[in-house]
Amino acid sequence: DKAINTLEAGIKADPKDREAKMLLVQILETTGMRAAQDDEKKAEPYFLKAATTLRELLKAEKVTAPQLKFIAETVYYNEACVLAKTGKADAAMAALKEAFEAGVNNVGQVESDADLKSLRDRPNLAGRQVLCNHRLHQPCGAQTPHRLFQ
């Protein structure tokens, strides 16, 4: 948490420091992953803060760093898992949509991830539809990518 606190203080002093913000997102995500190995509950605030920080960064300026795609996939997917486990299905679906838009395409993981169990009965989380619309970028039937997550 010392690194997180140091970066947050630096960002507070220089809110335009995008490298510090990117590093903060990465450290929050890594810290969350480590915490999840011992206690998933302890990981949740790190994952949620990583997603919030990433959104703030992307809202403030266009960032095109090559590693951003992978980071965004992971950050938004983990946020979706936390939100789904805490009963916030609509917010979890929004985060999962962002994860797919960032490049997540492992439908098997989405369909089997225990953290997303509460979302599986939702009609707009049909794995085959997600696969067709987001991985292949082709509509399946009458569904469109945006309708999947509405």
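Residues numbered from 1 in each chain as written. Predicted model: local features only at pLDDT ≥ 70, side-chain atom pairs only at ≥ 80, totals over all residues. Heavy atoms only, no water.

### Focus on the side chain of Glu 29
Next up, step 1: Within the secondary structure, Glu 29 is located in helix α2 (residues 18-38).
Next up, step 2: Within the buried core, Glu 29 has no salt-bridge partner, and the shortest N-O distance to an opposite charge, that of Arg 55, equals 10 Å.
Next up, step 3: Contact partners of Glu 29, with chain neighbours within four places excluded, come to Phe 47, Ala 50, Thr 74, Val 75 and Asn 78. (Helix = DSSP H or I, 4+ residues; strand = E, 2+ residues; numbered from the N terminus. Buried < 20%, exposed > 50% of the residue type's maximum accessible area, 1.4 Å probe, protein only. Lys, Arg positive; Asp, Glu negative; His and termini not counted. Salt bridge = Lys/Arg side-chain N within 4 Å of Asp/Glu carboxyl O. Contact = heavy atoms within 4.5 Å.)

### Describing the confidence of the model for the protein
Next up, step 1: On average, residues of the protein score 81 in pLDDT, and 79% of them are at 70 or above.
Next up, step 2: Considering only residues more than four positions removed or in separate chains, one finds that residues 126-132, a stretch of pLDDT under 50, has 18 contacts.
Next up, step 3: Across residues 134-150, confidence stays below pLDDT 50; counting only partners more than four residues off in sequence or on other chains, it has 35 contacts. (pLDDT = per-residue confidence, 0-100.)

### A short note on the environment of Val 82
Next up, step 1: Assignment of secondary structure puts Val 82 in helix α4 (residues 68-85).
Next up, step 2: Here the alpha-carbon distance between Val 82 and Leu 116, two residues 34 residues apart in the chain, equals 8.6 Å.
Next up, step 3: When near neighbours in sequence (up to four residues on either side) are disregarded, Val 82 contacts Glu 44, Phe 47 and Leu 48.

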